[in-house]
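Structure assessment
Here are the chains, one letter per residue:
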Amino acid sequence: MNKTKKLIAGVSSASVAVMLSGCNDQAQDIPPEPTDTECQDWEWDEEDGVYECDDPGSRYFGHYYHGGSYYKGKSSLLKSSAYKSYKSSSSFKGGGSGFGGSKGFGG
């Protein structure tokens, strides 16, 4: 292998390692999923820093969950004083800065 190919291979390997470690850091930063048995599929909404129920068979389908409370829609969540306080705090886990968005690749 010539020097150029070795350099490109090294840079590519380092880039992949950085991307993977970034994904792991993000996964460790978000709070654990709600354990409510009423919803079997909680999705992390990266932009808003909360969970959303993505279980069509649940009465909470489309609801947002934050701090032990359910919000029927995004407008209810955004109006909540508890959510506003969380969003302006240093513990806010949203903002959409991660890789892949709230629904994963292409979602």
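Since we're looking at a predicted model, the values are computed, not measured.

Now for the environment of proline 56. Within the secondary structure, proline 56 is located in the loop between β2 (50-53) and β3 (64-66). Between the C-alpha atom of proline 56 and that of glutamine 40, which follows or precedes it by 16 residues, the distance is 9.4 Å.

Scanning all chains against the criterion turns up 1 disulfide. Two residues, cysteine 39 and cysteine 53, share a disulfide whose sulfurs are 2.2 Å apart. Handedness here is read from the sign of the S-S torsion; for cysteine 39 and cysteine 53, about 105 degrees, the answer is right-handed. With cysteine 39 in the loop between α1 (3-29) and β1 (42-45) and cysteine 53 in strand β2, this pair connects stretches of sequence that are 14 residues apart. As far as the burial class goes, cysteine 39 and cysteine 53 line up, both buried.

Before going further, it helps to examine the pairing of β1. Summarising the sheet, β1 and β2 pair through 4 bridges and their orientation is antiparallel. For aspartate 45, the partnering residue across the bridge sits in β2 and is valine 50. Linking β1 to β2, which pair antiparallel, is a turn of 4 residues; within it glycine 49 sits at a positive phi near 70 degrees.

Glancing now at the pattern of salt bridges. One pass over the full model with this rule turns up 2 salt bridges. With a closest N to O distance of 3.2 Å, glutamate 38 and arginine 59 form a salt bridge. Linking glutamate 38 in the loop between α1 and β1 with arginine 59 in the loop between β2 and β3, this pair joins segments that are 21 residues apart in sequence. When its relative accessible area of 36% is taken as the criterion, glutamate 38 is described as partly exposed. With a closest N to O distance of 2.9 Å, lysine 74 and aspartate 48 form a salt bridge. Taken as a pair, lysine 74 in helix α2 (residues 74-79) and aspartate 48 in the loop between β1 and β2 lie far apart in primary sequence, 26 residues in all.

Glancing now at the confidence of the model for the chain. Per-residue pLDDT for the chain has a mean of 76; in total, 63% of the residues score no lower than 70. Within the chain, α1 has the poorest average pLDDT of any element, 50, and β2 the best, 96. Low pLDDT, under 50, characterises residues 13-21; the predicted model gives this stretch 0 contacts beyond four residues in sequence or across chains. Ignoring residues within four places in sequence, the model shows residues 98-107, a span with pLDDT below 50, making 13 contacts including any to other chains.

In this section: the sheet that holds β3. A sheet is described by the order of its strands in space; here 4 strands give the open sequence β1-β2-β3-β4, paired in antiparallel fashion. Lying at the two open borders of the sheet, with one neighbouring strand each, are β1 and β4 (69-71). The mean inter-strand angle of the sheet, taken between neighbouring strand axes irrespective of direction, is 35 degrees.

The rules we used
- Residues numbered from 1 in each chain as written.
- Predicted model: local features only at pLDDT ≥ 70, side-chain atom pairs only at ≥ 80, totals over all residues.
- Heavy atoms only, no water.
- Helix = DSSP H or I, 4+ residues; strand = E, 2+ residues; numbered from the N terminus.
- Disulfide = S-S within 2.5 Å.
- Buried < 20%, exposed > 50% of the residue type's maximum accessible area, 1.4 Å probe, protein only.
- Pairing = 2+ DSSP bridges.
- Salt bridge = Lys/Arg side-chain N within 4 Å of Asp/Glu carboxyl O.
- pLDDT = per-residue confidence, 0-100.
- Contact = heavy atoms within 4.5 Å.
- Axes fitted to C-alpha atoms, helices over the stretch in contact; angles between N-to-C directions.

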